[in-house]
Structure formats: structure tokens, C-alpha cells
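# Secondary and tertiary structure notes
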Amino acid sequence: MPLDIVVGTQWGDEGKGRIVDLLARQADIVARFNGGDNAGHTVTVAAQTFKLHLIPSGVVHAHTRGVMGSGMVVNPATFFAELEALRAAGVDIGPGRLQISFAAHLITPAHRALDRAQEQARGSGQIGTTGRGIGPAYTDRAARRGLRLQDVLDRAAFREKMLAHIAAANLQLAALRAEPLDARAVAAEYDDFAARLAPYVSDTGLQVWQALKQGQAVLAEGAQGTLLDLDAGTYPYVTSSYPTAAGALLGLGLGAAPIRRVIGVTKAFQTRVGAGPFPTEVSGPAELHLRGTGANPWDEFGTTTGRPRRVGWLDGVLLRYAVRVNGLTEIMMTKLDVLGGLDAIRVCTAYRADGKEYEQLPLGPADLSPFEPIYEELPGWSADLQGARRWDDLPAEAQAYIRRVAGIAGAPIGQVSVGPERDQVVDVPG
Ligand code: IMP
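Conventions we followed
Residues numbered from 1 in each chain as written. Predicted model: local features only at pLDDT ≥ 70, side-chain atom pairs only at ≥ 80, totals over all residues. Heavy atoms only, no water. Salt bridge = Lys/Arg side-chain N within 4 Å of Asp/Glu carboxyl O. Helix = DSSP H or I, 4+ residues; strand = E, 2+ residues; numbered from the N terminus. Buried < 20%, exposed > 50% of the residue type's maximum accessible area, 1.4 Å probe, protein only. Axes fitted to C-alpha atoms, helices over the stretch in contact; angles between N-to-C directions. Parallel < 35°, antiparallel > 145°, perpendicular 65-115°, else oblique. Contact = heavy atoms within 4.5 Å. Nonpolar A, V, L, I, M, F, W, Y, C, P; charged D, E, K, R; others polar. Polar contact = N/O pair within 3.5 Å; in protein donor to acceptor, adjacent residues only side chain to side chain.

## Brief notes about the pattern of salt bridges
- Scanning all chains against the criterion turns up 23 salt bridges.
- Notably, a salt bridge pairs R87 with E84, separated by 3.1 Å at the nearest N-O pair. Taken together, the residues span about one helical turn, with R87 and E84 both in helix α2 (residues 76–88) at a distance of 3 residues.
- Judged by its relative accessible area of 37%, R87 falls in the partly exposed class.
- When its relative accessible area of 44% is taken as the criterion, E84 is described as partly exposed.
- One salt bridge in this structure joins R122 and E119, with 2.6 Å as the shortest N-O distance. Remark: E119 and R122 occur in helix α3 (residues 109–122); sequence separation between them is 3 residues, near one turn of the helix.
- In this structure E119 comes out as buried when scored by relative accessible area, which is 7%.

## Some points on the packing of helix α10 (residues 316–326) against helix α11 (residues 396–409)
- Orientation of α10 relative to α11, taken along the N-to-C sense of each, is 60°, at an axis distance of 8 Å. When the interaxial angle is binned, α10 and α11 end up oblique. In contact with G316, L319, R320 and V323 of α10, α11 contributes V405, I408 and A409.
- By residue class, the composition of the contact of α10 with α11 is 5 nonpolar, 1 polar and 1 charged.

## Quick look at the environment of E281
- Within the fold, E281 resides in the loop between β12 (270–272) and α9 (285–291).
- Residues E281 and I93, spaced 188 residues apart in sequence, show a C-alpha to C-alpha distance of 41 Å.
- In this structure E281 touches R310, V311 and G312, once residues within four positions along its chain are discounted.
- Only 3.0 Å separates the side chain of E281 from the side chain of R310, close enough to count as a polar contact.

Any functional reading would require information that these geometric values do not contain.
Now the structure itself:
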């Protein structure tokens, strides 16, 4: 019963799509378990590269079946736009290949309007959300008044629920001095979505469990990263779902028994979109080096929002933390090639606060502002790593960096990526 879980160890954008793409070749089912269209995964089909925000990216492999789990929040407009984009690229995915859990929740225009209005009301305390309505949709779920995918199966009742949802949201919007929504127009739009969504709705937890019992391989695809987890992350600068390995179980409706591997993806450095403390953040020449200019699609600018990402040195304290809270069996390191050309590379091994040193966070990562990073400096390398395919192709300094990061994190690094193409991956000998 092999279940492999891929999670991000940082603030999202670690390049999880890479490892998902590799592992999906051996998977029967690819399953997304958290978040909504706040995520952005770059996928390549034939010669075309495009972005998926919602649909599990492993479905581009023709032999796989896709699942969107109960831990997700679904914007139907994005869902159908992605199906259309995939179809145009020659990947025709219908209900026979993709199913959504009846217990996943719907995102509505009211959630998006509330997301924007609430952010504005936060003033200088803004979270920097993606504006996709994620927080308000999960709020409705927790408040037990959300709209579930199951609701689309009874269109008349769904319409009534939608009208009540918009009426309630309009009261909240009025309190935030935001424009109200036209409840009837939204209900009409969602009635059409309901008809089109219905064939996709089922008990995906049961299907995944049955597949695992038959010995099929299931790949759980996380969105965002550990530090954006509602409980485990840098609260309140987090998303409203559970991107950690525990979230995969809850968000797919599974127990822990089938887990085989838990793979944490980390960049060779650190990035963050949105607000919140970032101890190893850099500015100046190192910042420009790590972010890139935006000329390449893989430079550090948001996939969903286009915002320039904040960048910094790899934070070993946070990586060690991610190893612990996810129970990682291995790490995959991405974008090692980006470090090429730096004279020296820094990695944070511990924090200092009030004259004390910390290898572990005393109270989790919620408030990182008191901590100053303690760095170790490793020699850089000038060679371009993009052509490397084997361990021996890497310069000794790059090998030393990989080994040292694994030591700091306390988990093996199984693979590193050295460029955006599928084959630009190097296996790390054990
Ligand atoms: P929300 O998920 O839109 O509510 O945004 C909450 C926080 O999570 C913000 O700091 C976002 O920038 C961040 N966030 C959400 N999704 C992603 C992602 O896929 N990659 C990186 N950051 C994300």
C-alpha cells in the first residue's frame, strides 16, 4: 500500500512540481490534498509550459488518475479554465480521470471579495494573501456554514444555500465598507457550475483507500509549504490549510498506515512571498543573485501573483523543524544551480536571541522576529551546474554544501535539481 507524500519544507514555491513530475511516472493516483488556486505549479506538456493552480499536476501523465481531496477549496472558474487549458494542450481530462471529494469546499466570489476587504482592513498588519478567497472559504468551513462539493448534487437546495451565503457575506462586506454582491447573479453562475461539477464529485477517500489496498501507488501532492501551515507555520502569516504531511492524511481521508515515503522539497536557499519575519533574508548583490531579474520563468517571481519573492540564505533551523513536523524520510533540494557564481554561501545553523543559542525553535516558528541567524560560511563554486547529471559531475564545493545541509537538517538528501528541465536532476549517493 505505497503512499508517497510530497510536501514543501519552506514558505511554498520550493519546486515541488519537479519531484511530483518524477514520481508521477510511477504513480497510479495523483492526489492534491490542501489549498486552492492560491498555489501555482508549473507543468510541461510536450513543448508547452503552463501553470496549474488547482488540478494535481501529476495528471499530465496519461496513465494517472487525479484526485482533489477533502482538504481543498475549489474555485470552479479556475477548475474549468484549467481543464480547458489542458485540453488545448492535448490532455483531455474528464470525470473518468479526475474526481473531487464530496467534502471539499467551494470558493465563491463572496470569499474573494471578503479576502480583499479583510486584507485592506488589516492595514499595516496585512498577511499578503493571494486574494483568492482561501481564508474566508476555510473560515466558512470551520464555522460549519460552507458550501461543499456535495451540495452541487441537489441544485434547488444549492441555489438556496448560495443565496443565503451571499446574503450573509454581504452583511460582512457592508461592515468592511466593501461593495455588496448580486446574490441572484452569483447563484445563476454557480447553478451552471453545479451542473458541470456534478460528474466530478464522489468519495475520493474511498477510491484512494481501495486503490492502495490493491497495491496501487498513490502520490499525495502538497501545495504551499510547512511554514505556511495553519498550525505548524509562521502564524498568523500562514495560509488557512494544512500543507504538512499530517494534512495529506486528513485532506485525503486516509490513515497513516499506507505511508511509504515523506519527501520534503527545499530550495537550496530560502524564499518567501507575502509578509512576516524572515531571519535569513538578504538584500544587495546576494538578493539580486538569488532572485534573478525576471528574465527566466524560474526566477523568483510569484507564479500566481507575479510578485517578486523575498530571498535569503537557507535556514537550517527551519529545515530541521520541517523534518521533524512532517516526519520526512528524505529531502529533495531544488535550484542548486542558482548558487553557482557566489564566492561564499551562507547557511543558517542556529539562532541567537537574548545571548542564547537555539538549534530548535523554543516556541515554534510563529514569531521569528527575535532571532538572529548564526551562519556557517561554505566556499562557493563558479561552474555552471545545469549540465550535471551525476554526483561526480558536481564540483566538490557543491557536494560539500549538499552533505552539510543534510547534516544540519538531520535527514538524507536524495536528489538535487540543477535546472528547470525534467532531466536536470542528480541523485545523491547515500
Ligand atoms: P492565502 O493562502 O491566499 O490566504 O495567503 C496566505 C499566505 O500564504 C500569503 O503570505 C501568501 O503569499 C502565501 N501563499 C499562499 N499560497 C502560496 C503558494 O502557493 N506559494 C507561496 N506562498 C503562498
